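Take a look at the letters that make up each chain.
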Amino acid sequence: MRRNKKERQLSLKDKIKENPFITDEELADFFQVSIQTVRLDRLELSIPELRERIKNVAARTLEKEVKSLPLEEVIGEIIDLQLDESAISIFDVQEEHVFKRNKITRGHHVFAQANSLAVAVINDELALTAKATIRFTRPVKLGERVVAKAVVSNVDIEKGRTTVEVKSSVGSEKVFHGDFEMFRSTSSN
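The rules behind these values
- Residues numbered from 1 in each chain as written.
- Predicted model: local features only at pLDDT ≥ 70, side-chain atom pairs only at ≥ 80, totals over all residues.
- Heavy atoms only, no water.
- UniProt positions renumbered as here; feature names shortened; annotations may be inferred.
- Pairing = 2+ DSSP bridges.
- Helix = DSSP H or I, 4+ residues; strand = E, 2+ residues; numbered from the N terminus.
- Phe/Tyr/Trp six-rings, centres within 6.5 Å; stacked < 30°, edge-to-face > 60°.
- Buried < 20%, exposed > 50% of the residue type's maximum accessible area, 1.4 Å probe, protein only.
- Lys NZ or Arg CZ within 6 Å of the ring centre and 35° of its normal.

Going by the annotation in an unreviewed UniProt entry, the name recorded for the protein is Transcription factor FapR, with Sutcliffiella rhizosphaerae given as the source organism. What the UniProt record of the protein gives under Sequence similarities (unreviewed entry) is the line "Belongs to the FapR family." The record in UniProt for the protein states the following under Function (unreviewed entry): "Transcriptional factor involved in regulation of membrane lipid biosynthesis by repressing genes involved in fatty acid and phospholipid metabolism."

Put into C-alpha cells, the structure is as follows:
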C-alpha cells in the first residue's frame, strides 16, 4: 500500500528508529518506492545514511571496553555492548568470505562472528567457549549484512560459567542461532 509523502516520512522515521541498520533498499521495498525517493526523504528529515547511523550508534554505545579480547579480534563490528547483558555486531560479507563457485558465505565466518560476540560480551579478562550448540537456518550470500545479537542468560561466577544466546539475521530473516556455554574466571572483576 502506497502512502502519501507525509505518512511515508513519519513511518520511515519510525522504521529507522526501530532498526537503525535497515538499508535504503529494504526501505524502498517496504514502502514500494524507489531508492532515490527513500534517500530524498532521509535528506529532508536530516536522517544520515546507513554508514553514518552505524557509526553514531557505535560511538554512543561502545564507551565500555571489551575485556575478554582485543576489539580488533572480534569478527564483525561491535555496535552495541552491555557487558554481561547483551551485544550486537554487524558483518558485511565480502568476496573473501564466500565460496567462489556459488557466492555463499563459508559457515565458519558466520560462526566466528557469533562466537567472538559471545566472548566479547563477557565482563571478564578470561572468556573461552566451553560448548556451542549451533544451527544455520539459511545460506548467507555475497553482499549481505549479518546482524548478530547476543544475550547473556545466565552468569555463574562461582562455577566460572556464563550462557550466551546469539541470533544472527540478514534483514528480518534468521540465518544462524547459537547457544554458547562460556568459561570465565571464578573471581568477580
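Student: Now, about the pairing of strand 5 (residues 161-170): what can you tell me, with residues and values included?
Tutor: Here strand 4 (residues 145-156) runs beside strand 5; their pairing, made up of nine bridges, is antiparallel. Its bridge partner being in strand 5, aspartate 156 is matched across the sheet by arginine 161. Hairpin connection from strand 4 to strand 5: four residues lie between these consecutive antiparallel strands, with glycine 160 at a positive phi of about 70 degrees. A loop of two residues connects strand 5 with strand 6 (residues 173-184), the two strands running antiparallel in sequence, and glycine 171 in this loop sits at a positive phi of about 65 degrees.

Student: Can you break down the packing of aromatic side chains residue by residue, with the values?
Tutor: The description of an aromatic ring pair uses the distance of the two centres, along with the angle that the planes make with each other. Taken as a whole, this structure holds three aromatic pairs when the rule is applied. Aromatic pair phenylalanine 30 and phenylalanine 31: ring centres 4.9 Å apart, planes at 90 degrees, arrangement edge-to-face. Residue classification places phenylalanine 30 among the partly exposed residues on the basis of a relative accessible area of 42%. A residue is classified by how much of its surface remains accessible, and phenylalanine 31, at 3% relative accessible area, is buried. Ring centres of phenylalanine 111 and phenylalanine 180 lie 5.9 Å apart, and the angle between their planes is 40 degrees; on these two criteria the pair is classed as tilted. Of this pair, phenylalanine 111 sits in helix 5 (residues 107-120) while phenylalanine 180 sits in strand 6, placing them 69 residues apart in sequence. Over the ring of phenylalanine 30 we find lysine 15; its NZ or CZ atom is 4.1 Å from the centre of that ring. Seen from the ring of phenylalanine 99, arginine 106 lies directly overhead, with NZ or CZ sitting 5.1 Å from the centre.

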